[in-house]
Each structure stands twice: as structure tokens, then as C-alpha cells.
2 protein chains.
Amino acid sequence: MKLASLKGGRDGRLVIVSDDLSTCVDASAIAPTLQAALDDWANIAPRLEALARDLASGAATGQPFDQAAAAAPLPRAYQWADGSAYVNHVALVRQARGAELPDSFWHDPLVYQGGSDSFLGCRDPIMLADEAWGCDMEAEIVVVTDDVPQGVTSQDARGLIRLVGLVNDVSLRNLIPGELAKGFGFYQSKPASALSPVFVTPDALGARWREGKLHGTLSVDLNGKPFGRADAAVDMTFDFGTLIAHLAKTRSLGAGTIVGSGTVSNRDAEGGPGRPVDDGGLGYSCIAEERMVQTIQRGAPETSFLQDGDTVRIWMEDEQGKPIFGIINQRVKRLA
Amino acid sequence: MKLASLKGGRDGRLVIVSDDLSTCVDASAIAPTLQAALDDWANIAPRLEALARDLASGAATGQPFDQAAAAAPLPRAYQWADGSAYVNHVALVRQARGAELPDSFWHDPLVYQGGSDSFLGCRDPIMLADEAWGCDMEAEIVVVTDDVPQGVTSQDARGLIRLVGLVNDVSLRNLIPGELAKGFGFYQSKPASALSPVFVTPDALGARWREGKLHGTLSVDLNGKPFGRADAAVDMTFDFGTLIAHLAKTRSLGAGTIVGSGTVSNRDAEGGPGRPVDDGGLGYSCIAEERMVQTIQRGAPETSFLQDGDTVRIWMEDEQGKPIFGIINQRVKRLA
């Protein structure tokens, strides 16, 4: 089953989307919003599934689904916790600044609490007040959980994942060093992120969803050119079950918690840092990683961070080349 | 006007509470939840105010208000951003571990993004799985904002504060050093916090609310004994307007954002670290601060962190000695 929220009000209006994303049907009579569905998933999901079957069979009449009319599936959420599961990415950051990667990073997940009061829709602009902040995209996988009890095991946590999607976790790179130096993590350096227009239940992903990971190429284009083609399951050190169990060590998590994978990153086939796509490599899911590789190899970064007018496109294709979660396609716009 | 949420469902049921906290009246016909009221405050607040006047005059019939039946006013919220506005507290933390306090800390607010998917009610137990985690209370002031536009000034931000209350920001002290060393801020070290049963509009606080600060003694008792009697306005380096402007530098904030002051902390009258209440001082709003003062003065901490069965009581009294926001009164309970 695929779900989206059409724009309208603070929380959007829940619709079920056909597998090929061509049509959708209003589901607000079952649950007005996606959060309302997640609040009572055990009862609501079967009714949504029935409507999805009706849409597929033609028993329910759909309307055309326009991704540009979609809000984020959760336009606001009660929690956004983002991991750094691709330790390769973290290792490159450290290597670029000549710092050691503590061994613990390979077995103790790194997470941060992000802002969840506003998620951008997939076509909403990234409003940037100052290009000097070093605006970057970060293409990631997200999952949405049901209620998660404190102390859950990673195995049980996998069974509490209700939806899977993509995120562009917008980051202001030049604000990060000063903010992290203060010791309390990110705040100003993490403005609102954008979610893919469609979230999908794990069962509808078939073999792509296994062992708590999403398998497939996460495509990232920058200004219309291929920038990243990394596989989301490769080099993912911590699966989502492990990330959720880490989050729930000292507290429960409320239904509708969005958990991020961190920037998807693959090593090069030869084991070194990845090469750009036009160099035959898998590229990068954020500009910072390309800049780090440039710094490691040639002493200084070359690619600029996002400027006014730049575009970022993030999606994942199925076997037929069709986007599974729709397409995040954002333009950077100067805040007047 | 004073507002509370009676327990029921995930978001409680909105009630208006009389000034003396003795009675309340159901407001769910105006707005089912406090979040719903905040989502449309300009239209909803006047209707709630009218009902509050009816309750005060006897035109509306109230029922007894039982703080123990109250959930947190926002049992879950879309954002919880906590500051460290009492730089005295931060200076003591640093002094205790022999670290410099950067001068920037006196003019650049320190904040962290907290978890907002679950706030405990004022009498809910603090469920602790492991006493070795070093469980501590932190008594703070909170405000709840309306929608806040990106780039707001601190002066304008003050005008967007809709409600004021108290929080017990529960912290797991012994998990903090390891977590902060990883560089991404708090997560496991900050389990669910408890909110005061009643939130109050700034206008109803009269002279206690001025210059973006709450004036008055924040009382903290530990196991029935006076532990903290610091004034919430004294030594507050950053007023709430300044904190909100800091938060909104790179992004807007959604209505219902809860902003915390950080642990209230006053210097001693002689300028040194505060003395315990039973030593004639104003005491502390968290155990860690007392332990820091003990470390500075006698080389080692003496007071234990919270153990199974310990009780924490946090409140602020009006001129007649009555709690303004009700009383946070929690017991630590071992998670089975």
C-alpha cells in the first residue's frame, strides 16, 4: 500500500495512491490524516488496505495523483530522529579533517534529534536566507514507526516499522562546526527537511525490504545531472531495527516517529572513497561527501554548496524504472 | 487564562482551569485539544477567554480540577527546543570539570532539540530502567509559541508567546558524557520530560511576566525537603524572545513549539556558586549542580542521583502562596 497527503490544512488529507502513482483515492473517511491512521494503525490499516485493493481493481474510482499537489506524507510529526547508519560517510568526514574514527562508531549508532514541526513537500522550494551558510542536500531513507516500547529489541523493532520513504535532510554545512563545537548537537544547521510524496508499507516493497534495510539505488541528481547512484542497503552498518532499538533504550517512541538512515553512502568498489558518477563511480548523496573526497584527493573542495536556483532531485526506481516513492524535486530559492 | 488537558486519548481533552486551580470546565466544544487551539489561536483564544470569564463569574458550571487527572497540557508536541539561558549553570558545569567557559556563551544561546513525542503528566512516575544512568531532575520554565516566521526579531518573538509553564526536564547524567562526545548532542540521555499540569497565558501572569522572562521563585523539593528556591528571572542571560529568535534564524517554528529556559540557576549573593537551601542559600534546580558545587568545594560529589522511590516536586507560588501552574510531583519507579 502507498500513502500520501494532499496539501490542505496543517496535516494534509490522507489519500491512497496506486502502485504506479498515477491515481489516488481519498481515504479521509477512514482516517483524516496519516498521523490519525498511525495513531490507531492496527484498526485503520486493514481498512486502508481494503480501499487500496478497491483502487487497484477499479471498484473504487481514483483521481489523477499529482505529486506537486502532495504535502509531505507527515507535514509535521511528533518525532524526527536521524541516524548515521552509513559509517563510510562518517569515516570520510573524519578523514577529510584528519580526525580518527573511534572504533565504537562501528557498533554504537550515532543519532541526532531533528526538528519535526515542519516537513517540506517534495516540490516545495528550499528557502535559503544566506548562501554563505553552505546549504547541502542529504538523500536518505526513512521509516515511520508504530508505538515502540522502551527497551525493544532490534528484531522486534523491525516489526514496528509501518512505512518507508525518502527524505532530503537539508543541512547548512557552514553552521555545523560552530554549532557542534558548542556541544549540544544541531539546531540552526538543520532547517526543515523534505519528504518523498509517497510512503510505502514494507510488505508492498517485496524483496526490496529485507533485514530492516531498503535495497535499491537511491538516485540523486544535482542541476539535472547524475550526482548519486548509491545502493541504500550496501554499507548500511546499522539496519533500521538496530537504529530504533538504540532510540528506545531509555524511553518509548510515539506512533509516527520518523527515523532516518543518515546520508546514504557506498564505498568505491576498490574500497576507497567513492568516485563521481561521470567518472564511473556511484557518486554521492550529498555535496559535502564529494567535497571531502576532493579534499582527500586534491587538497581542497571544488564543488559548491547549493546556490539560489539550484535543483535537487531524489528518487528510487523499481524494476520498470518507475519511481517507487515519487520524486523529491526541489529548487533553492533565496528568502526575500 | 489557565489551560490544562485531562487525560484521555493521545492528546488529552482541553479544559479551562480557574485561577485558583480549584475548578475546570470542558472546552472541547471550542477546541478538542490544546494543539487544536494553538493551530488557530487568533480565532480560538477569544472564545476560550469568554468561557474562562464565564467560569470565573459562575455563568459556566465547573467541576473540581484534579491535577492528578491531568495529562501534560501538550501530551505530545511537534517541537521541544530547550535552551541553556542560565549561563551560571553552564559555567558551574564547566568549572567542575576544569574546562573554560567560552566567552561566546554569554551572547550566543545554547539550545538542543529535545524529544517531543511524549510528555509525562505532572504525577506520572519517572520510569527508570537503570539507576546507574544517573537520573536527575531539571526544573525549568517553558513557553509555548504560535507560528514563528524565520528571521523573527527577539522583540517580535516575545509577542508570539502564547502560554507559560514549568517542566521537569529529566536527564540521565551518566549517559551524557559518552553521548555528547559522539558530537551529535543528546538522545538517550534525555528521556520524556514532565510538564506542569496547567499552562497560563502571559497576560494572566501580570507583573510576573515581563521582558520575556517569568519572575518568581521556582521551588524544587527533593524527597520532601527544600532543594531549590532560585528566582526564574535572576541570572537568566537570554530572555525567551532571544531564545526564540535564535531558534528561528534558519527556519520557521510551528505553532505549539515548546521552548525551555534550561535549568534555572542563581549565583550566590556573594557571587560564588549557590549554597544549599538548608545552608541559607537558594539551592539548586537539579542534583548535578549541587554535585558540581560539592566537587568545586570539597573535591567530590556527595548527593546521589535519583533512586527508585525518590520524589521530585516542582512549582511556583503566587503572592498568596498558591501554585500558579499546579505542582509537578513525580516519583522515580524502577522499570520492571
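In this text, all values refer to a predicted model and were calculated from it rather than measured experimentally. (Residues numbered from 1 in each chain as written. Chains lettered and ligands numbered in written order. Predicted model: local features only at pLDDT ≥ 70, side-chain atom pairs only at ≥ 80, totals over all residues. Heavy atoms only, no water.)

> How do you make sense of the overall build of chain A when you look at a structure like this?
Tallying secondary structure elements over chain A gives seven helices and 21 strands in all. What you see for chain A is a C-alpha radius of gyration of 19 Å, in line with the 20 Å of a compact globule of 336 residues. By its C-alpha atoms, chain A is 60 × 45 × 40 Å across when sized along the principal axes. For chain A, with 336 residues in total, the buried portion stands at 61%. Surface exposure of chain A reaches about 11900 Å², of which carbon and sulfur atoms provide 49%. When the 31 basic and 43 acidic side-chain charges of chain A are each reduced to a single mean position, those positions are 3 Å apart. (Helix = DSSP H or I, 4+ residues; strand = E, 2+ residues; numbered from the N terminus. Rg over C-alpha atoms; globule rule 2.2 N^0.38 Å. Buried < 20%, exposed > 50% of the residue type's maximum accessible area, 1.4 Å probe, protein only. Areas by Shrake-Rupley, 256 points an atom, 1.4 Å probe, with all protein chains shown as cover. Lys, Arg positive; Asp, Glu negative; His and termini not counted. Charge placed at Lys NZ, Arg CZ, Asp CG, Glu CD.)

> Help me understand helix H6 (residues 240-247) of chain A in this model?
For an α-helix the count is 3.6 residues per turn, leaving residues at separations of three or four pointing the same way. The buried fraction of H6(A) is high, at seven of eight residues. In this structure A:Asp239 caps H6(A), since a side-chain oxygen of it lies 2.8 Å from the backbone nitrogen of A:Gly241. (Polar contact = N/O pair within 3.5 Å; in protein donor to acceptor, adjacent residues only side chain to side chain.)

> I would appreciate a short explanation of the packing of helix H3 (residues 87-96) of chain A against helix H7 (residues 287-298) of chain A in the present structure.
In helix packing, the relevant descriptors are the interaxial angle and the interaxial distance, both defined with respect to the helix axes. Residues and elements named next belong to chain A. With their axes 9 Å apart at the nearest point, H3 and H7 run at an angle of 45 degrees to one another. The orientation of H3 with respect to H7, classified from their angle, is oblique. Crossing of H3 over H7 shows left-handed handedness. Residues Asn88, His89, Leu92, Val93, Gln95 and Ala96 of H3 touch H7, and the partners they reach there are Glu289, Met292, Val293, Thr295 and Ile296. Taken together, the residues of the contact of H3 with H7 break down into six nonpolar, four polar and one charged. (Axes fitted to C-alpha atoms, helices over the stretch in contact; angles between N-to-C directions. Parallel < 35°, antiparallel > 145°, perpendicular 65-115°, else oblique. Left-handed = near helix turned anticlockwise from the far one by under 90°. Contact = heavy atoms within 4.5 Å. Nonpolar A, V, L, I, M, F, W, Y, C, P; charged D, E, K, R; others polar.)

> Even after reading the chapter, I still don't get the UniProt feature "domain: Fumarylacetoacetase-like C-terminal" (unreviewed entry) in chain A, so can you show me in this structure?
The UniProt feature table records "domain: Fumarylacetoacetase-like C-terminal" (unreviewed entry) at residues 80-332 of chain A. A distance of 23 Å separates the end C-alpha atoms of residues 80-332 of chain A, which is 16% helix and 26% strand. (UniProt positions renumbered as here; feature names shortened; annotations may be inferred.)

> What is the right way to look at the pairing of strand S2 (residues 13-17) of chain B in this model?
Residue and element names in this part refer to chain B. Counting buried positions along S2 yields four of five residues, so the element is predominantly enclosed. The pairing of strand S1 (residues 2-6) with S2 spans five bridges and is classified as antiparallel. The partner of alanine 4 across the bridge, within S2, is valine 15. Where S1 folds back onto S2 in an antiparallel hairpin, the turn is made up of six residues, including glycine 8, whose phi is positive at roughly 155 degrees. In this sheet, strand S3 (residues 23-26) lies alongside S2 in antiparallel orientation, the contact comprising three bridges. Each residue of the ladder has a partner; that of isoleucine 16, found in S3, is valine 25. A loop of five residues connects S2 with S3, the two strands running antiparallel in sequence, and leucine 21 in this loop sits at a positive phi of about 65 degrees. (Pairing = 2+ DSSP bridges.)

> Any chance you could explain the packing of aromatic side chains here in plain terms?
Remark: the centre distance and the inter-plane angle together describe each pair of aromatic rings, the angle taken between the planes. Tallied over the full model, the rule gives 13 aromatic pairs over all chains. On the numbers, 4.7 Å between centres and 65 degrees between planes, the contact of A:Phe186 with B:Phe184 is edge-to-face. With one member in each of two chains, A:Phe186 in the loop between helix H5 (176-181) and strand S13 (194-195) and B:Phe184 in the loop between helix H5 (176-181) and strand S13 (194-195) form a pair that bridges those chains. On the accessibility criterion, A:Phe186 (6% relative accessible area) is buried. An aromatic cluster is defined as three or more aromatic residues linked by ring pairs; in this entry it consists of A:Tyr112, A:Phe186 and B:Phe184. The side chain of A:Lys190 reaches across the aromatic face of A:Phe186, ending 4.9 Å from its centre. Above the ring of A:Phe305, the side-chain terminus of A:Arg291 is found at 4.1 Å from the ring centroid. (Phe/Tyr/Trp six-rings, centres within 6.5 Å; stacked < 30°, edge-to-face > 60°. Lys NZ or Arg CZ within 6 Å of the ring centre and 35° of its normal.)

> Explain the sheet that holds strand S21 (residues 328-334) of chain B to me, please; I cannot follow it from the model alone.
Residue and element names in this part refer to chain B. One open sheet accounts for five strands, arranged S8-S21-S20-S17-S18; its pairing is mixed. With one partner strand each, in any of the chains shown, strand S8 (126-128) and strand S18 (225-231) form the two edges of the open sheet. Averaged over all pairs of adjacent strands, the angle between strand axes in this sheet comes to 20 degrees, irrespective of strand direction. When S8 meets S21, the two strands line up parallel, connected through three bridges. Residue isoleucine 126 lies in a different strand from S21, and its bridge partner there is valine 332.

> Any chance you could explain the domain arrangement of chain A here in plain terms?
When the parts of a complex come together, some accessible area is lost, and that lost area is often used as the size of the interface. Residues and elements named next belong to chain A. Partitioning chain A into structural domains gives domain 1 (1-71) and domain 2 (74-334). Each of domain 1 and domain 2 has a C-alpha centre, and these two points are 26 Å apart. Tallying the contact residues gives 22 residues for domain 1 and 28 residues for domain 2. For the pair domain 1 and domain 2, the summed buried surface comes to about 2000 Å²; carbon and sulfur atoms form 58% of the total. Considering only the side of domain 1, the residues that lose the most area to domain 2 are Gln35, Leu38 and Gln67, jointly responsible for 27% of the buried surface there. One can count two salt bridges joining domain 1 with domain 2. Here aspartate 124 ties to lysine 7 by a salt bridge, and the two come within 2.6 Å at their closest N and O atoms. Inspection of the domain 1/domain 2 interface yields eight residue pairs in polar contact (both at pLDDT 80 or more). Mapped onto the side of domain 1 that touches domain 2, the elements with two or more residues apiece are strand S1 (2-6), helix H1 (34-39), helix H2 (41-57) and strand S5 (70-71). The element contributing the most residues to the side of domain 1 that touches domain 2 is H1, with four residues. (Domains from an automatic or database assignment. Buried area = accessible area lost by both parts, 1.4 Å probe. Salt bridge = Lys/Arg side-chain N within 4 Å of Asp/Glu carboxyl O.)

> Can you walk me through the sheet that holds strand S18 (residues 225-231) of chain A in this structure?
Consider a sheet: its strands pair through backbone hydrogen bonds, and that pairing is either parallel or antiparallel. Residue and element names in this part refer to chain A. In space, the five strands of this open sheet follow the order S8-S21-S20-S17-S18, with mixed pairing throughout. Where the open sheet ends on each side, the last strands, each with one partner, are strand S8 (126-128) and S18. The sheet shows a mean angle of 20 degrees between the axes of neighbouring strands, direction not considered. Two strands pair when backbone bridges link them, and strand S20 (residues 311-316) and strand S21 (residues 328-334) are joined in this way by four bridges, in the antiparallel orientation. Note that in S21 the partner of arginine 313 across the bridge is asparagine 329.

> How should the interface of chain B and chain A be read in this particular structure?
Each partner contributes to the interface: chain B provides 51 residues, whereas chain A provides 52 residues. Carbon and sulfur atoms supply 51% of the area buried between chain B and chain A, which totals about 4600 Å² over both sides. Counting every contact that joins chain B to chain A gives ten salt bridges. As a salt-bridge pair, A:Arg10 and B:Asp147 come within 2.6 Å of each other at their nearest N and O atoms. Remark: the boundary between chain B and chain A carries 29 residue pairs in polar contact (both at pLDDT 80 or more).

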